[in-house]
Amino acid sequence: MDVARTGYPVPNGVYIMGPAMECRTIFISDIHLGTRGCQAGMLLDFLSHHSAERIFLVGDIVDGWRLERTWHWPQTHNDLVQEILARARSGVEIVYIPGNHDEMLRAYLGTHFGGIEVKRQAVHVAADGRRYLITHGDQFDSIVMHAKWLAHLGDRAYGAALGLNTLLNRARRIWGGPYWSLSNWAKQQVKQAVNYISEYENVLAAEARRGGYDGIVCGHIHKAELSTVDGLAYVNCGDWVESCTAVIEHPDGRFELIDWAAEMRARALHRDRLRLLGGRRRSQDREAA
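1. Re the overall build of the protein chain
Each helix and strand counted, the protein chain has eight helices and 14 strands in total. Here the protein chain, with 289 residues, has 49% of them falling under the buried criterion. Within the protein chain, residue pairs in contact and separated by at least 24 positions form 66% of the contacts whose partners lie at least 6 positions apart. Carbon and sulfur atoms make up 54% of the accessible area of the protein chain, which amounts to about 14,100 Å² in all.

Shown next, in the form of structure tokens:
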């Protein structure tokens with residue numbers, strides 16, 4: 001998984017960001033505004049380093065399921081909404097494709113609010129001419145479609161895991177550790193989850209093939225991916241709860257998966273190294289004096 005390379009390299013191969021990268025398109029999904037696990041501040045930081053002609057919000061931007069149970073809306077969540085609206089006002093084309101957690105917005109398909117267009121799905125033609133189907137992806141999840149009560153039960157369990165994740169990261173920040181996702185780590189260890197993800201990718205690639213598209217861009221499963229499945233481009237934006245990832249399209253049509261959590265870890269490592277180097281230099285200066 002690559003990160004944006006617009007700055008200068010550090011030893012672990014990740015680049016510290018320089019000026020804002022100019023993209024043709026940004027794809028973001030599964031922000032889950034209204035939840036305690038939402039990394040809105042990290043997404044704001046990402047947006048401050050990336051500009052684009054258009055932005056696709058690929059579902060689960062607001063978590064209506066969680067907000068129905070309990071209200072959580074800190075200032076960073078409001079700041080993020082205002083940032084997106086400001087970009088729409090500045091002329092950036094923004095398309096909102098609701099997911100299952102913000103399904104209430106599907107009642108407003110075809111409408112505009114604040115310069116943002118709401119669609120069930122969209123077709124994106126990249127700069128190199130390739131055509132992509134843009135969809136959240138929950139309609140291909142049999143649990144969401146046929147056992148919604150189980151999906152809600154799973155959401156509660158997921159929320160509990162994210163609560164523990166928040167506590168762990170608070171402790172990590174005390175001793176200077178970077179952000180780390182417990183639930184993302186656990187997902188990668190469980191064989192059933194790996195099999196589910198693989199099947200999900202195959203089903204969405206098949207849908208793109210049926211529609212005559214060159215690829216598909218989705219979200220939903222919180223597993224960022226940029227790969228080829230059965231000869232088609234499979235692009236999953238990931239999320240801003242666990243992995244903190246997005247996908248950008250470069251001006252030439254190339255897609256790139258941005259791991260912003262890795263970028264933040266690289267920044268922290270770079271700061272630590274600069275601090276250590278500065279301490280050594282001060283020590284050497286004192287000895288020389």
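After that view, the rundown keeps rolling.
2. A look at the nonpolar core
Core analysis: the biggest nonpolar cluster contains 34 residues, and Ile-31, Phe-46 and Trp-240 have the highest contact counts within it. Sorting the residues of this core by element identifies strand E3 (21-28), helix H1 (40-48), strand E4 (50-57), helix H3 (75-89), strand E5 (93-96), strand E13 (245-249) and helix H8 (260-288) as the ones contributing at least two each. With near-sequence residues (within four places) excluded, Phe-46 lies in contact with Ile-26, Trp-240, Ala-246, Ile-248, Ile-258 and Trp-260. Ranked by size, the runner-up nonpolar core spans 17 residues in total, among them Phe-27, Val-58, Val-217 and Ala-224.

3. Observations concerning H3
Its 15 residues give H3 an end-to-end C-alpha distance of 21 Å, which sits within 8% of 21 Å, the value for a rise of 1.5 Å per residue. Listed in full, the buried residues belonging to H3 are His-77, Leu-80, Ile-84, Leu-85, Arg-87 and Ala-88. Buried residues of H3, viewed axially, fall in a sector of 160 degrees; they line one side. For H3, exposure combined with an orientation more than 90 degrees from the buried face picks out Gln-75 and Arg-89. Tucked inside the fold, the buried residues of H3 contact H1, E4, E5 and strand E7 (116-118).

4. Side note on the sheet that holds strand E8 (residues 122-125)
Across the sheet, which stays open at both edges, the five strands sit in the order E8-E9-E10-E12-E11 with mixed pairing between neighbours. Each having just a single partner strand, E8 and strand E11 (225-229) make up the two edges of the open sheet. When the angles between neighbouring strand axes are averaged without regard to direction, this sheet yields 20 degrees. Sheet analysis places strand E10 (residues 215-218) next to strand E12 (residues 232-236), joined by four bridges and oriented parallel. For Ile-216, the partnering residue across the bridge sits in E12 and is Tyr-234.

5. Some points on the pattern of salt bridges
Applying the stated criterion across every chain yields a total of 12 salt bridges. In this structure, a network of salt bridges that share partners links the residues Asp-45, Glu-263 and Arg-267.

6. Observations concerning the side chain of Asp-63
As for its placement among the helices and strands, Asp-63 is situated in the loop between E4 and helix H2 (64-69). A polar contact is formed between the side chain of Asp-63 and the side chain of His-32, at a distance of 2.8 Å. In this structure, Asp-63 is in contact with His-32, Leu-33, Thr-35 and His-101, ignoring residues within four places of it in sequence.

7. Topic: the environment of Gly-129
Among the secondary structure elements, Gly-129 is positioned in the loop between E8 and strand E9 (131-134). Looking at Gly-129, the relative accessible area reads 43%, which means it is partly exposed. Considered as a pair, Gly-129 and Asp-252 are 123 residues apart in the sequence and their alpha carbons are 9.9 Å apart.

8. Looking at the packing of aromatic side chains
Each pair of aromatic rings is reported with the distance of its centres and the angle of its planes. Under the criterion given, the structure shown has seven aromatic pairs. Each ring, one from Phe-27 and one from Phe-56, has its centre 5.4 Å from the other, and the planes form 5 degrees; the classification is stacked. One end of the pair, Phe-27, is in strand E3; the other, Phe-56, is in strand E4, and 29 residues separate them in sequence. Here Phe-27 and Phe-56 have matching classes, each one buried. When the ring of Phe-46 is compared with that of Trp-260, the centres are 5.4 Å apart and the planes differ by 80 degrees; the resulting orientation is edge-to-face. In this pair, Phe-46 sits in helix H1 while Trp-260 sits in helix H8, placing the two residues 214 residues apart along the sequence.

Conventions adopted
Residues numbered from 1 in each chain as written. Predicted model: local features only at pLDDT ≥ 70, side-chain atom pairs only at ≥ 80, totals over all residues. Heavy atoms only, no water. Helix = DSSP H or I, 4+ residues; strand = E, 2+ residues; numbered from the N terminus. Buried < 20%, exposed > 50% of the residue type's maximum accessible area, 1.4 Å probe, protein only. Contact = heavy atoms within 4.5 Å. Areas by Shrake-Rupley, 256 points an atom, 1.4 Å probe, with all protein chains shown as cover. Core = buried A, V, L, I, M, F, W, Y, C linked by side-chain atoms within 4.5 Å. Expected span 1.5 Å × (residues − 1). Arc of directions from axis to C-beta. Pairing = 2+ DSSP bridges. Axes fitted to C-alpha atoms, helices over the stretch in contact; angles between N-to-C directions. Salt bridge = Lys/Arg side-chain N within 4 Å of Asp/Glu carboxyl O. Polar contact = N/O pair within 3.5 Å; in protein donor to acceptor, adjacent residues only side chain to side chain. Phe/Tyr/Trp six-rings, centres within 6.5 Å; stacked < 30°, edge-to-face > 60°.

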